[in-house]
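# Chain and residue survey
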Amino acid sequence: MSQINSNPVNGRPASPVYWRVEGSLLELTTVRPIAFFAWNSQTYGSRLVRRALVLSMALLRPFLYAANRKAATRIVYAVLRGITRDRLDLLGEEEFEYKLKPLLKPEGVRQLKALQATGANVVLVSQGLEHVMRPLARHLGVRWIIANRLDFRDGVSTGRLMSPVIRPRGLFARIREAGPDGQQSPARWVRALGLRGPKALASAIVPVERVQRTRVRPIVYFDEPRRAEPLSVRKALEGKRVLLIGVTGFIGKVWLANTLMDLPEIGKLYLLIRRQKTNPAQSRFEKMIEESPVFDPLFEKYGDGLGALLAEKIEVIEGDVSQPGMGLDAETTTRLRADLDLVVNSSGLTDFNPDLRDALAVNVDSTYHLVEFIRGSEHAALLHLSTCYVAGQRDGGVDECVVPNYTPSGVADFDAEKEWHRLHELVESAEASAEGPEVTAELTKQALGKEHAAKGLHGQALENQVRKNRIRWLKTYLTEAGVKRAQELGWPNTYTYTKSLAESLIAKYSNGMPVAIVRPAIVETSVQKPFRGWNEGINTSASLSYLLGTAFRQLPSNERKRLDIIPVDAVCAGMTLIAAALVERRHDPVYQLATSVTNPCDMGRSIELTSLGHRRHYRAQEGLECWLRLRMDAIPVSKMRYRRMSAPAQKLIIQSIQRIMSPLPMKKPLAKAERNLERVEKLIQLFEPFILHNEHDFIADNVEKLSQALVPEEKEAFGYNTASLDWWDYWINIHIPALRRWTYPLIEGRPLEARAPRVLRMPAAANGDVVRTGTNGRTW
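Residues numbered from 1 in each chain as written. Predicted model: local features only at pLDDT ≥ 70, side-chain atom pairs only at ≥ 80, totals over all residues. Heavy atoms only, no water.

### Describing the overall build of the chain
The line we're drawing: Put simply, DSSP H or I for four residues or longer makes a helix, DSSP E for two residues or longer makes a strand, and each gets a number counted from the N terminus. Relative accessible area decides the class of each residue, using a 1.4 Å probe on protein chains only: under 20% of the type maximum gives buried, over 50% gives exposed, and in between gives partly exposed. Working rule for contacts: check all heavy atoms of both residues, and any pair within 4.5 Å makes them a contact. Computed by Shrake-Rupley with a 1.4 Å probe, the accessible areas treat only the displayed protein chains as cover when residues are assessed.
When its secondary structure is counted, the chain shows 30 helices and 22 strands. Burial statistics for the chain: of 780 residues in total, 53% are counted as buried. In the chain, once contacts between residues fewer than 6 apart in sequence are set aside, the share between residues at least 24 apart is 80%. Per element, the accessible surface of the chain, about 36,500 Å² overall, is 53% carbon and sulfur.

Listed below in structure tokens is the structure:
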């Protein structure tokens, strides 16, 4: 195979061979792609204006070209002013894939391939826009191009073409260069482009692949000495015994799979799993390994030997961290306290506004029990997973520190431990009230007053109905009480409220203990590990993303606010670094894993990228509905406009129609549409703190310091690097396709795609038989 040579200094090819696109491969026009880009801009208003401009340009183009083709080219491309680079990149791919690709000339492609086979460094030269030429070059296997390039400011086109401007060919050139051989000398292109020499021509060459400009942030040590010795994850965790809590969750599964793949040196992994009624912990673990796609790479790597690896490296322990002593017997507790080097707590209830009893048990009580367990251990450290959004309702930078008894609203004399006890008292009081005579009388009245209830409801049937109503009443009461108290203190929901209480308890009771609190931002689709495009997080931004893929268009949001999303494998890489630092006692108290400072992506861009990801999906489908949806781009709007023109206004219109039709002897025809709009309103209200209010900038310096301290040979395997993420590639090629494959079916209540059955072969049991467990290929 021939080898392509490039200049290591500037990334440009050595001895380039220039190949003309027009005539040899395609017959391009300037106006058609510009019209396509303009007609698919984000808002209807800009589309109408640009359509009028394109029509005017089409009429004036012959006269403009006759006067000055170079100036005319600049004027024509000015129509694209205000369109983002993200949109132009996707529309360019679409233009090539569906319009230009079928028009490629086979003989020209054949001659180009023959030239590439000789090892020549081919550079495609075209009058087209770079956003169209890049997918063409990738299709042909070419690495460099010279094309018309727009100037961008903050990702938005200024409408100005950068030098050199490649004007359309004249009539005689079209006749002279009509053959399939597009190879032309550098001197010819220097004259055609009006350049000063071959060096100027070479400087116009740009790579085909998208170049992500990484934000370089130097690590500066002000108040602490820099550790001179490097950090080795393999050396730090070699032979160590680690207890993982929350392995059945999104982050827990990925961290377990990545650790087994990348860190065979680890000694033992203990997994604390809660028993579910008649389903023991060991069965839950085996079912998870068999059915979850997270462990596909492990099956591919180890095959039938995976069972032996799991038996060697993993011990499942049945317990419940929400119970005192973590639900362990005395013998197991003594053994673990003597053996453990590290406890990783990734458990948590991530529902925004759950029943207060559940939130307290999982997010607060379990943390206290875990700290008490660590206190009694001989040398175990604790890595506790929290969330960046414990910051609550506030703006500005959020430092990596724990403020004891913190409240976003700055309540004086607030005591987190007393608040914790008051919440338990509130739960006990609510449970007593639910059994009291007043609530019972009201619940009985409700049971008898229901339309579907039998007129003669009495005895045991009535008691059963009252008991169901009591359970529902208590859950609703405690859910609303948790939300109300959280918002009084400055948190947007019960989840962030209880997670912050847990941090305050850790700060109070872990004095002198090796503990690190890890705060991820919004955890989303993996980039690389366990494989490209894994997601199962419904409680993150998936529901909003799903909504933007429907006919819903106007999302109330602050388009300048940074949406802090981080891939799950970046979170797990950070956790592994922090785990190594904890074991070596070189850790910081708090680590934030976030992108709002290192690689910011604001709400305006996030919404557009989500819409573009949906557009790519619908463009590949057939049917009128898909044709309509790919033209429905969501846009960020103010809260006032959302109320006047979106779901709230539409619901009011439907309610008016329902009232008018209520006297008619028929079912309400728009009842389902009204319920759907109510769901949309509730969803928007739930996410408003994250998309409209609270402009957070989460500082994430501590994990960067650990990654910088890694030994060079481990940077690729264990390095933490969010600054180099290309958000366009992530959203369009990874995140939205992953949500459509793994998450949207769960939102819609559809089964996931069927998976081939696989068998987990465990080592021989005591009687010599091989233990086999397997799946029947159904969805996990």
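### A look at the environment of Glu93
We count it as follows: In the analysis that follows, any N or O atom pair within 3.5 Å is treated as a polar contact, provided that within protein one partner can donate a hydrogen and the other can accept it, and provided that, for residues neighboring in sequence, both atoms belong to side chains.
Counting through the fold element by element, Glu93 comes out in helix α4 (residues 85-100). Separated by 40 residues in the primary sequence, Glu93 and Met133 have C-alpha atoms spaced 8.8 Å apart. The residues contacting Glu93, other than those within four sequence positions of it, are His131, Pro135, Arg138, Arg616 and Trp728. A distance of 3.3 Å separates a polar atom in the side chain of Glu93 from a polar atom in the side chain of Arg138. A polar atom in the side chain of Glu93 sits 2.3 Å from the side chain of Arg616.

### Considerations on the nonpolar core
Keep this limit in mind: Nine residue types can take part in a nonpolar core, namely buried Ala, Val, Leu, Ile, Met, Phe, Trp, Tyr and Cys, and a core is a set of them joined through side-chain atoms within 4.5 Å.
The biggest cluster of nonpolar side chains holds 115 residues, and the ones touching the most others in it are Leu256, Phe285, Ile289, Phe295, Ile314, Leu555 and Trp731. The biggest single contributor to this core is helix α22 (residues 568-583), with 12 residues. Core analysis: the next-biggest nonpolar cluster, separate from the first, contains 42 residues, Met326, Val343, Leu360 and Tyr406 among them.

### A word on the environment of Leu752
When you line up the elements, Leu752 lands in the loop between α30 (727-748) and β21 (759-764). Remark: the alpha-carbon pair of Leu752 and Arg741, spanning 11 residues in sequence, is separated by 7.5 Å.

### Topic: the sheet that holds strand β12 (residues 381-385)
Applied cut-off: DSSP bridges decide pairing: two strands pair if at least two such bridges lie between them. Between N-to-C directions, angles span 0 to 180 degrees; the directions come from axes that are lines fitted to C-alpha atoms, helices contributing only their stretch in contact.
Reading across the sheet, the 7 strands line up as β10-β9-β8-β11-β12-β14-β18 and stay open at both edges, with parallel pairing between neighbours. Strands with a single pairing partner mark the edges of an open sheet, and in this sheet they are β10 (314-318) and β18 (590-593). Neighbour-to-neighbour, the strand axes of the sheet open up by a mean angle of 20 degrees, direction not taken into account. In terms of strand pairing, strand β11 (residues 342-345) meets β12 through 4 bridges, oriented parallel. The residue of β12 that forms the bridge with Val343 is Leu382. Contacting β9 (268-273) and β10, helix α12 (residues 281-291) runs over the sheet at an angle of about 135 degrees to β10.

### Description of the packing of aromatic side chains
Put simply, the test is: Each pair of aromatic rings taken from Phe, Tyr and Trp, with Trp reduced to its six-membered ring, is defined by centres within 6.5 Å and is described as stacked if the planes are under 30 degrees apart, edge-to-face if over 60, and tilted in the remaining cases.
Per the counting criterion, the structure on display carries 16 aromatic pairs. On the basis of an interplanar angle of 80 degrees and a centroid distance of 6.3 Å, the ring pair of Tyr406 and Trp491 is categorised as edge-to-face. Of the two residues, Tyr406 sits in the loop between β13 (396-398) and α17 (416-434) while Trp491 sits in the loop between α19 (459-489) and α20 (494-509), which places them 85 residues apart along the sequence. Here Tyr406 falls in the buried class, since its relative accessible area comes to 19%. Both rings, one in Trp534 and one in Trp742, keep their centres 5.1 Å apart while their planes meet at 70 degrees; by these two values the pair is edge-to-face. With Trp534 in the loop between β15 (522-524) and α21 (542-548) and Trp742 in helix α30, the pair connects residues that are 208 residues apart, well separated along the chain.

### Details of unusual backbone geometry
Following Ser163, the chain continues into Pro164 via a peptide bond in cis, with omega recorded as 0 degrees. In the segment running from Lys529 into Pro530, the intervening peptide bond is cis, with an omega of 0 degrees. Within the fold, Pro530 resides in the loop between β15 and α21. A positive phi angle is found at Met326, which is not glycine, with a value near 60 degrees. Since its relative accessible area comes to 0%, Met326 is described here as buried. For Asp413, which is not glycine, the phi dihedral falls at a positive 60 degrees.

### Details of the packing of α22 against helix α28 (residues 701-709)
The criterion, for reference: For classification purposes, an angle smaller than 35 degrees is called roughly parallel, one larger than 145 roughly antiparallel, one from 65 to 115 roughly perpendicular, and anything else oblique. Gly falls in the polar group here, along with every residue not listed as nonpolar (Ala, Val, Leu, Ile, Met, Phe, Trp, Tyr, Cys, Pro) or charged (Asp, Glu, Lys, Arg).
Interaxial distance between α22 and α28 falls to 10 Å at its minimum, and their mutual angle equals 75 degrees. The orientation of α22 with respect to α28, classified from their angle, is roughly perpendicular. Residues Gly574, Leu577, Ile578 and Ala581 of α22 lie in contact with α28, whose contacting residues are Val703, Leu706 and Ser707. When the residues that make up the contact of α22 with α28 are grouped by side-chain class, the tally is 5 nonpolar, 2 polar and no charged.

### Description of the pattern of salt bridges
Stated precisely, the cut-off is as follows: Between Lys or Arg on one side and Asp or Glu on the other, a salt bridge is scored when a side-chain nitrogen of the former is within 4 Å of a carboxyl oxygen of the latter.
Applying the stated criterion to the full structure yields 39 salt bridges. Taking the shortest distance from any N to any O, the salt bridge between Arg160 and Asp151 comes out at 3.6 Å. Asp151 gets classed as buried once you look at its relative accessible area, which sits at 9%. Notably, a salt bridge pairs Lys508 with Glu417, separated by 2.3 Å at the nearest N-O pair.

### Some details on α22
To keep it simple, the criterion reads: Expected helix span is taken as 1.5 Å per residue step, with the number of steps being one fewer than the number of residues.
For α22, which comprises 16 residues, the first-to-last C-alpha distance of 23 Å matches the rise-based estimate of 22 Å (1.5 Å per residue) to within 8%. Arg585 lies just past α22 and shows a positive phi near 60 degrees.

### Description of a positive patch on the surface
Filter applied, for reference: Exposure above 30% relative accessible area and no salt bridge define the residues that can form patches, which grow by joining like charges within 9 Å and nonpolar side chains of Val, Leu, Ile, Met, Phe, Trp and Tyr within 5 Å. In this tally Asp and Glu are treated as negative and Lys and Arg as positive; neither His nor the chain ends contributes. Just so you know, the charge point we use is NZ for Lys, CZ for Arg, CG for Asp and CD for Glu.
A cluster of basic side chains, namely Lys672, Arg675, Arg679 and Lys682, defines a positive patch on the protein surface. Inspection of the secondary structure puts Arg675 in helix α27 (residues 671-691). Residue Arg675 is classed as partly exposed on the basis of its relative accessible area, which comes to 44%.

### What about the packing of helix α11 (residues 250-262) against α22?
Stated formally: The sense of a crossing depends on the near helix, which, turned anticlockwise from the far helix by less than a right angle, makes the crossing left-handed and, turned clockwise, makes it right-handed.
Between α11 and α22, the shortest axis-to-axis distance is 9 Å and the interhelical angle comes to 65 degrees. Note that α11 runs across α22; the crossing there is right-handed. Residues Phe250, Ile251, Val254, Trp255 and Asn258 of α11 form the contact with α22, whose own contacting residues are Val568, Asp569, Val571, Cys572, Met575 and Thr576. Of the residues contributing to the contact of α11 with α22, the split by class is 8 nonpolar, 2 polar and 1 charged.

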